[in-house]
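This is what each chain is made of:
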Amino acid sequence: PPDAAGGAAGGAGATVLLVEDEAGVRWVARRLLERRGHRVLEARHGADGLRAWEDAGGPAGGVDLVLTDMTMPELGGRLMAARMRERHPAQAVVLMTGYADASGREWARAQGLAVVEKPFEGETLLAAVHEALPEALRAARGDAGGPGPA
């Protein structure tokens, strides 16, 4: 259920698979997402993330968005996201990185994916998540049009 800070306009109620190898970053991101009313599934690296995504049934099973670090042991976020999107091209993904990885950013842009730089501000991360949520999910929450005309 949405909280007072998130409300429907925050895209509250989405299921987010959070894949991050740094426990502190994972904790902060989880708290931000949960305070906005999202349900969070966690994984420690890309291989765990791919298994969790498969176990949950991907987007058909309710994983609305994957929020993942780009560089992790066992399987990086970039390759994990590519594998997910090979099976479900519409899977929403937001990548996080703490490295100056120009090739990773170029790949993400070519895929139409958002990249959030670490360390991140909470509102920056939440805005990227909200923008990446599938339009149908935002519409169900009453805010498909985004911020409205300028």
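Per chain, residue numbering runs from 1 following the sequence as it is written. Selection of residues for local features in this predicted model requires a pLDDT of at least 70, selection of side-chain atom pairs for listing and counting requires 80 or more, and totals for whole chains, interfaces and linings are taken over all residues. Where side-chain values are given, they derive from all heavy atoms of the structure, hydrogens and water being excluded.

A closer look at the sheet that holds strand β2 (residues 39–43)
Taken together, the 5 strands give an open sheet; going across it, the order is β2-β1-β3-β4-β5, and neighbouring strands pair in parallel fashion. The open sheet has two edge strands, β2 and β5 (114–117), and neither has a second partner. Neighbour-to-neighbour, the strand axes of this sheet turn through a mean angle of 20 degrees, independent of strand direction. Bridge count between strand β1 (residues 15–19) and β2: 5 bridges; the pairing is parallel. By the bridge assignment, L17 is partnered in β2 with L41. The contact criterion used throughout is that any non-hydrogen atoms of two residues lie within 4.5 Å. The convention used is that axes are lines fitted to C-alpha atoms, helices contributing only their stretch in contact, and that angles between N-to-C directions extend from 0 to 180 degrees. Numbering goes from the N terminus for both helices and strands, where a helix is a DSSP run of H or I of at least four residues and a strand is a run of E of at least two. Across the sheet, helix α2 (residues 46–56) touches β1, β2 and β3 (65–69), and the angle it forms with β1 is around 160 degrees. Helix α3 (residues 77–87) rests against β1, β3 and β4 (92–97) of the sheet, and its axis sits at about 155 degrees to β3. The pairing criterion is simple: DSSP has to find at least two bridges between the two strands.

Considerations on the side chain of R36
Residue placement: R36 occurs in the loop between α1 (23–35) and β2. Each residue is placed in one exposure class: buried if its accessible area under a 1.4 Å probe, protein chains only, is under 20% of its type's maximum, exposed if it is over 50%, and partly exposed if it falls in between. The exposure class of R36 is buried, given its relative accessible area of 15%. Whenever two N or O atoms come within 3.5 Å, that pair is a polar contact, provided that in protein one can donate a hydrogen and the other can accept it, and provided that, for residues adjacent in sequence, both atoms are side-chain atoms. Within the structure, the side chain of R36 is placed 3.2 Å from the side chain of E123, a separation counted as a polar contact.

Here's the deal with the nonpolar core
Among the nonpolar cores identified, the biggest contains 21 residues, and L33, L65, L67, M96, V116, F120 and L125 are the most heavily contacted of them. With residues up to four places along the chain from it excluded, the contact list for L65 reads T15, V16, L17, Q91, A92, V94, V129, A132 and L133. Counting 19 residues, the second-largest nonpolar core is a separate cluster that includes L50, M70, L75 and W107. Side-chain atoms within 4.5 Å link the members of a nonpolar core, which is a set of buried Ala, Val, Leu, Ile, Met, Phe, Trp, Tyr and Cys residues.

Let's talk about the side chain of H45
Position of H45 relative to the elements: it lies in the loop between β2 and α2. Among the residues examined, H45 registers a relative accessible area of 7% and is labelled buried. Contact partners of H45, with chain neighbours within four places excluded, come to V19, R51, M72, P73, E74 and L75.

Thoughts on unusual backbone geometry
Residue P119 follows K118 across a cis peptide bond; omega there is -5 degrees. At E74, a residue that is not glycine, the phi angle is positive and equals roughly 70 degrees. According to the relative accessible area criterion, E74 is exposed, its value standing at 66%.

Quick notes on the pattern of salt bridges
Salt bridges are identified by distance alone: a Lys or Arg side-chain nitrogen within 4 Å of an Asp or Glu carboxyl oxygen. Considering all chains together, one arrives at 11 salt bridges under this definition. Residue R26 pairs with E42 through a salt bridge whose shortest N-O separation is 2.9 Å. A residue pair is termed long-range when its members are at least 10 positions apart, and R26 in helix α1 and E42 in strand β2 qualify at 16 residues. Here R51 and D48 are joined by a salt bridge, their closest N and O atoms 2.5 Å apart. Here R51 and its partner D48 are both found in helix α2, 3 residues apart, which amounts to about one turn of the helix.

What about the packing of α3 against helix α4 (residues 102–111)?
Two elements in contact, α3 and α4, have axes whose closest approach is 11 Å; the angle formed by their N-to-C orientations is 20 degrees. By the angle between their directions, the pair α3 and α4 is classed as roughly parallel. Note that α3 runs across α4; the crossing there is left-handed. In this structure, α3 uses R78, A81, A82 and R85 to contact α4, whose residues at the interface are S103, G104, W107 and Q111. In what follows, roughly perpendicular refers to angles from 65 to 115 degrees, roughly parallel to angles under 35, roughly antiparallel to angles over 145, and oblique to any angle outside these ranges. Throughout, a crossing is termed right-handed when the near helix is turned clockwise from the far one, and left-handed when it is turned anticlockwise from it by less than a right angle.

What to know about the environment of L75
With respect to the helices, strands and loops of the structure, L75 is situated in the loop between β3 and α3. For the pair L75 and D48, spaced 27 residues apart in sequence, the C-alpha separation works out to 8.6 Å. Sequence-distant contacts of L75, defined by excluding residues within four places in its chain, comprise H45, G46, A47, L50, M80 and R83.

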